[in-house]
Amino acid sequence: MTMIDLDAPGLLPPRLTAADDGRRIVIYGDFTICSVFQPVFSVSHRRAIGYHASLRAHDAQGRHTPSHEVFTLAARHGDMLELGRLAESLHLGNFQEFDGRDAWIFLSLHPAALMDTVYGDALIATLKAIGLSPQRVVLEVPEQAGGDTPRFGAIVGSLRKAGFLIALGGFGAKHSNIDRVWDLRPDIVVLDRGILAQATEQSHLARVLPGLVSLLHESGQLVMMGGLTTDREALIALECNVDFVQGQYFAGPDVDPVQPKVAAERMDALSSALRTQLVERERAEHARLAPYVAGIEAAAAHLAQGQDIKHATHDLLALPDAARCFLLDAAGRQIGDNVLPHNHSSQRAKRFRPLLHSEGANWARRPYFIEAMRAPGEVHFTSPYLSINEAHLCVTASIATPARQGLHVLCVDINW
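The present account deals with the structure reproduced in this document.

Conventions adopted
- Residues numbered from 1 in each chain as written.
- Predicted model: local features only at pLDDT ≥ 70, side-chain atom pairs only at ≥ 80, totals over all residues.
- Heavy atoms only, no water.
- Helix = DSSP H or I, 4+ residues; strand = E, 2+ residues; numbered from the N terminus.
- Buried < 20%, exposed > 50% of the residue type's maximum accessible area, 1.4 Å probe, protein only.
- Areas by Shrake-Rupley, 256 points an atom, 1.4 Å probe, with all protein chains shown as cover.
- Phe/Tyr/Trp six-rings, centres within 6.5 Å; stacked < 30°, edge-to-face > 60°.
- Lys NZ or Arg CZ within 6 Å of the ring centre and 35° of its normal.
- Expected span 1.5 Å × (residues − 1).
- Contact = heavy atoms within 4.5 Å.
- 1 Å grid on protein atoms, 1.4 Å probe; cavity = no way out; pocket = protein on both sides within 12 Å on 5 of 7 lines; lining within 4 Å.
- Points joined across faces, edges and corners; volume = space filled by probe spheres on them.
- Nonpolar A, V, L, I, M, F, W, Y, C, P; charged D, E, K, R; others polar.
- Salt bridge = Lys/Arg side-chain N within 4 Å of Asp/Glu carboxyl O.
- Core = buried A, V, L, I, M, F, W, Y, C linked by side-chain atoms within 4.5 Å.
- Axes fitted to C-alpha atoms, helices over the stretch in contact; angles between N-to-C directions.
- Parallel < 35°, antiparallel > 145°, perpendicular 65-115°, else oblique.
- Left-handed = near helix turned anticlockwise from the far one by under 90°.

1. Remarks on the overall build of the chain
Looking only at helices and strands, one finds 14 helices and 17 strands in the chain. When burial is assessed residue by residue, the chain has 44% of its 416 residues classed as buried. Looking at the chain as shown, the accessible area adds up to about 21400 Å², and 54% of this sits on carbon and sulfur atoms.

2. Observations regarding the packing of aromatic side chains
Scanning all chains against the criterion turns up seven aromatic pairs. Considering the side-chain rings of phenylalanine 326 and tyrosine 368, the 5.8 Å spacing of their centres and the 75° angle between planes classify their relative orientation as edge-to-face. Here tyrosine 368 lies in helix α14 (residues 367-374) and phenylalanine 326 lies in strand β12 (residues 322-328), a separation of 42 residues in the sequence. An aromatic cluster of three or more residues is present, and its members are Phe37, Tyr51 and Phe95. In this arrangement the basic side chain of arginine 266 is found over the ring face of tyrosine 249, its NZ or CZ atom lying 4.5 Å from the centre. Positioned above the aromatic ring of tryptophan 416, the side-chain terminus of arginine 288 is 3.9 Å from the ring centre.

3. Considerations on helix α8 (residues 203-218)
At 3.6 residues per turn, the α-helix brings residues three or four places apart onto the same side. With 16 residues, α8 ought to run about 22 Å at 1.5 Å a step, and its terminal C-alpha atoms sit 24 Å apart, in line with that. Buried within α8 we find Leu209, Val213 and Leu216. As for α8, its buried residues are in contact with β8 (165-171), α6 (178-184), β9 (188-191), α7 (193-201), β10 (222-225) and α9 (231-239). The positive-phi residue at the C-terminal boundary of α8 is glycine 220, with phi of around 100°.

4. Description of unusual backbone geometry
Positive phi outside glycine occurs at arginine 46, with the angle close to 60°. Among the secondary structure elements, arginine 46 is positioned in the loop between β3 (31-42) and β4 (47-58). Positive phi, normally seen in glycine, also occurs at arginine 185, with a value near 50°. Among the residues examined, arginine 185 registers a relative accessible area of 51% and is labelled exposed.

5. Some points on the environment of leucine 92
Looking at the element boundaries, leucine 92 is found in helix α2 (residues 80-98). Residues leucine 92 and serine 35, 57 residues apart in the sequence, show an inter-C-alpha distance of 9.2 Å. Excluding anything up to four places from it in sequence, leucine 92 contacts Ile105, Leu107, Leu123, Thr126, Leu127, Ile130, Leu132 and Val137.

6. As for empty space enclosed by the protein
All told, the structure shown has one cavity of 30 Å³ or more when counted by the stated rule. Each pocket or cavity is described by its volume, and for the largest cavity that value is around 40 Å³. If you trace the largest cavity, you find it lined by Phe326, Trp363, Arg366, Tyr368, Tyr385, Ser387, Ile388, Asn389, Thr396 and Asp413. A breakdown of the residues in the lining of the largest cavity according to their chemical character gives five nonpolar, three polar and two charged.

7. Looking at the pattern of salt bridges
Pairs can form between side chains of opposite charge whenever their charged atoms are close. According to the stated counting rule, one finds twelve salt bridges in the structure shown. In this structure, arginine 46 and aspartate 268 form a salt bridge, with 2.8 Å as the shortest nitrogen-oxygen distance. Here the residue arginine 46 occupies a position in the loop between β3 and β4, and aspartate 268 occupies one in helix α10 (residues 260-304), the gap between them amounting to 222 residues. Judged by its relative accessible area of 34%, arginine 46 falls in the partly exposed class. Between arginine 374 and glutamate 371 there is a salt bridge, with the nearest N and O atoms lying 2.8 Å from each other. Of this pair, arginine 374 and glutamate 371 both sit in helix α14, separated by three residues, roughly a single helical turn. Judged by relative accessible area, which is 58%, arginine 374 ranks as exposed. Among the ionic contacts, a cluster of salt bridges with common partners joins Asp21, Arg23 and Asp256.

8. Topic: the nonpolar core
Core analysis: the biggest nonpolar cluster contains 57 residues, and Phe41, Val137, Leu139, Val245 and Phe250 have the highest contact counts within it. Every residue in contact with phenylalanine 41, bar those within four places of it in the chain, is listed here: Arg47, Ala48, Ile49, Asp243, Phe244, Val245, Phe250, Ala251, Val258, Ala263 and Met267. In terms of nonpolar packing, the next biggest core, distinct from the first, is built from 20 residues, Ile296, Ala299, Leu303 and Ala322 among them.

9. Some details on the packing of α7 against α8
For the pair α7 and α8, the least separation of the axes is 5 Å and the interaxial angle reads 135°. When the axes of α7 and α8 are compared, the pair comes out oblique. Of the two elements, α7 crosses α8, and the hand of that crossing is left-handed. Along the contact surface, α7 presents Ile195, Gln198, Ala199 and Glu201, while α8 presents Ser203, Leu205, Ala206, Leu209 and Leu212. The residue inventory of the contact of α7 with α8, partitioned by class, reads six nonpolar, two polar and one charged.

This is the structure:
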């Protein structure tokens, strides 16, 4: 790697030419700039469905130079726009030779280029000259680009109408809002690398990610997660049900397409590892919840024999993570207040005091009521969720049991 002298004397303008192997390159001063392509894989298809184009630069001695340093030099000499235009032509021309099938090429766009009203026309002219369809091009728009200006949305809309696919990059970083997705209606949302980094360190965030991906799917977007470098990151991506993945874990940038067999084998190995992980997690959860199955079944039997809820749930509430029990009528309304463990003490309970007393509350929309009423006599468990009682994560076990007034549903919240 070499450092660039930004105060170097004036350079000749960048020019597009051909290398000895026939690939297009850009010459700028002493630097040779070429295209490399990093595959984007479809998890379901088990193959590369596109390639993200980037630049690789070398100095006169063949030493690698970070491309952003070359652009800094170009900006210093007033050549940045011209270099950017040539870089795009470089990628598109090389990609036409690189992949002759139907894969997408992903191009990261500078915000300044997006705000140029003639950008789309110039890009279409370049594509026409090399015989590449706009439908083969995914334009990745930075999530923070353009602010909330109507002009920005109009430009993105015109690019979509011209046939380009639009990807919203860096979603989830800093001040991201879902209304950004709703306003721009991208075809693909690329989750920010920072979300993944946090999810690998904090398990509760990893649990939230599938919900975010599901929300984006329901909004009409495909979802991509990039920057994957480890087994754990790749497994998180698959468990979140993202559509596309990318990163050094799968394949780095290269001048040649990835071999289909490599991608398929890696995807199959990951899917197998995920199945094993889910089975082990389910086994551990089953062991953890088994005492609660026996406990709530015994409590339901005591209720059916006429005991009040406080005495019927005494042993159930003695289990280590039992947080509260409550009883619902056949319409989902709570009968009486929550019954708490004898030694219940919580700072959170003090902070959320207005939510603690639930007599008469209607829980008819909650999964624990719906599932219990659907199959009376069976114990049901919810997925982990945020309890409204103390605003902490819990799992609720429930069972519908006969009563003089019809079915009642007994529930126990379990700290998770």
